[in-house]
Amino acid sequence: MALDENRRVTDQRPRYDCLLFDLDDTLYPLSSGLSAADPKSITDYVNQKVVIGNSRSPDLRELYETYGTVLAGLTATGYEVDHHDYHSFVNESVPYENLKPDPVLKNLLLSMPQRKIIFTNGDKFHVAKVLNKLGLEDCFEGIICFETLNPPSKITENSNKQDKPIVNSTIPKTPIICKPSKEAMEQVLRLANADPQKTIFFDDSPRNMSAGKRAGLHTVLVGTSVRTEGADFAIESIHDIRETLPEIWAEEDAESSENVASGRGAGATIETVVTA
């Protein structure tokens, strides 16, 4: 094969073939207020069902900052938590009614030629509820959520339960896999069968941006115009994707242009034949 032909084949390969989207505060704005309900409901759950009989309550903010989610932190430090019960309790306080259908985002997502996958720490009920409220159920090829990364057998296998809860001690490893851990990033790439160099990761969390970049992903921070460490791009709203990353549609636009040009060429040929 000639050098020019090699170059042509390379140029025709899609630059991106997979798009990973976080859910909360990414597909809808922070101002929707869903995340604001979490701290109180999580605190209520821990006080009512987790620390009963224990002399000290854990620092929930510290657990969140250390492990990515409070649930992961509680499990790591020896507290026994029923994961389904935890998620069900927290979800009861989420104001899902604040979300409205977003046809603009739906059309934007459906126009993207790449595979689109949800990648969230949330549980499957929450994901389904949010996508339904936004009217985006049919926009994604797959969903990678808490249950995907943490099937019951896997959590049992990895569990490192302590006899007593650990407070302010050496940081133990959590059996729960969630962002921003290296294990979560490796798992999502494996489950999505994605090449990190051809994958874009959209998330509202700066620390998840750093984790994504360490995994080799292209990264877009959503919810601000200020780039943080690990973020290749920063956009105020998920609706700003086309303006910031027009290359997502580059192959499709190029193909459309080629088809138009080909059509014009065919028309000219026919006209010439008729004239002759």
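Before reading on, note that the structure itself is shown above.
Residues numbered from 1 in each chain as written. Predicted model: local features only at pLDDT ≥ 70, side-chain atom pairs only at ≥ 80, totals over all residues. Heavy atoms only, no water.

Draft legend 1. Here's a closer look at the overall build of the chain. Scanning the chain for helices and strands turns up 13 helices and 6 strands. Across the chain, contacts joining residues at least 24 apart in sequence account for 66% of those joining residues at least 6 apart. As displayed, the chain offers around 15,100 Å² of accessible surface, 51% of which is attributable to carbon and sulfur atoms. (Helix = DSSP H or I, 4+ residues; strand = E, 2+ residues; numbered from the N terminus. Contact = heavy atoms within 4.5 Å. Areas by Shrake-Rupley, 256 points an atom, 1.4 Å probe, with all protein chains shown as cover.)

Draft legend 2. Region of the structure containing the sheet that holds strand β2 (residues 115-119). Read from one edge of the open sheet, 6 strands run β3-β2-β1-β4-β5-β6, paired in parallel fashion. Strands with a single pairing partner mark the edges of an open sheet, and in this sheet they are β3 (142-144) and β6 (233-235). In this sheet, adjacent strand axes meet at a mean angle of 25° when their direction is disregarded. Taken together, the 3 bridges between strand β5 (residues 218-222) and β6 define a ladder with parallel strand orientation. (Pairing = 2+ DSSP bridges. Axes fitted to C-alpha atoms, helices over the stretch in contact; angles between N-to-C directions.)

Draft legend 3. Layout of the nonpolar core. In this structure, Phe-21, Leu-27, Phe-202, Ile-241 and Ile-248 are the most contacted members of the largest nonpolar core, which totals 33 residues. Looking at this core, the elements that each hand over two or more residues are β1 (18-21), α6 (103-111), α7 (124-134), β4 (199-203) and β5. Sort the elements by how many residues they give to this core and α7 lands first, with 4 residues. Setting aside residues up to four positions removed in sequence, Phe-202 forms contacts with Leu-19, Leu-20, Phe-21, Asp-22, Thr-26, Met-209, Val-220, Val-222, Ile-238, Ile-241, Leu-245 and Ile-248. If you look at the next biggest cluster of nonpolar residues, it comprises 21 residues, including Ile-42, Ala-72, Leu-74 and Phe-146. (Core = buried A, V, L, I, M, F, W, Y, C linked by side-chain atoms within 4.5 Å. Buried < 20%, exposed > 50% of the residue type's maximum accessible area, 1.4 Å probe, protein only.)

Draft legend 4. Structural detail: α7. Turning to α7, its buried residues are His-126, Val-127, Val-130, Leu-131 and Leu-134. The buried residues of α7 occupy an angular sector of 125° when projected down its axis, which confines them to one face. Directly after α7, the chain includes Gly-135, whose backbone phi takes a positive value near 75°. (Arc of directions from axis to C-beta.)

Draft legend 5. Quick peek at the packing of helix α2 (residues 38-50) against helix α5 (residues 83-91). Between α2 and α5, the shortest axis-to-axis distance is 9 Å and the interhelical angle comes to 135°. In this view, α2 runs oblique relative to α5, as classed from their interaxial angle. By crossing handedness, the relation of α2 to α5 is classed as right-handed. Of the residues in α5, those touching α2 at Asp-38, Ser-41, Ile-42, Asp-44, Tyr-45, Gln-48 and Lys-49 are Asp-85, Tyr-86, Phe-89 and Val-90. A breakdown of the residues in the contact of α2 with α5 according to their chemical character gives 5 nonpolar, 2 polar and 4 charged. (Parallel < 35°, antiparallel > 145°, perpendicular 65-115°, else oblique. Left-handed = near helix turned anticlockwise from the far one by under 90°. Nonpolar A, V, L, I, M, F, W, Y, C, P; charged D, E, K, R; others polar.)

Draft legend 6. Expanded view of the pairing of β2. Burial of β2 is extensive: 4 of the 5 residues sit out of reach of the surface. Here 4 bridges tie β1 to β2, and the two strands are oriented parallel to one another. When the sheet's bridge partners are listed, Cys-18 is paired in β2 with Arg-115. Taken together, β2, α7 and β3 constitute a β-α-β crossover, and its handedness is right-handed. (Right-handed = clockwise from strand over helix to strand, strands pointing away.)

Draft legend 7. Focus on the environment of Asn-47. Structurally, the position occupied by Asn-47 is in helix α2. Judged by relative accessible area, Asn-47 falls into the partly exposed class, the value being 42%. Spatially, the C-alpha atom of Asn-47 lies 9.7 Å from that of Pro-58, the residues being 11 residues apart in sequence. If we ignore the near neighbours within four places in the chain, the residues touching Asn-47 are Ile-52 and Ser-57.

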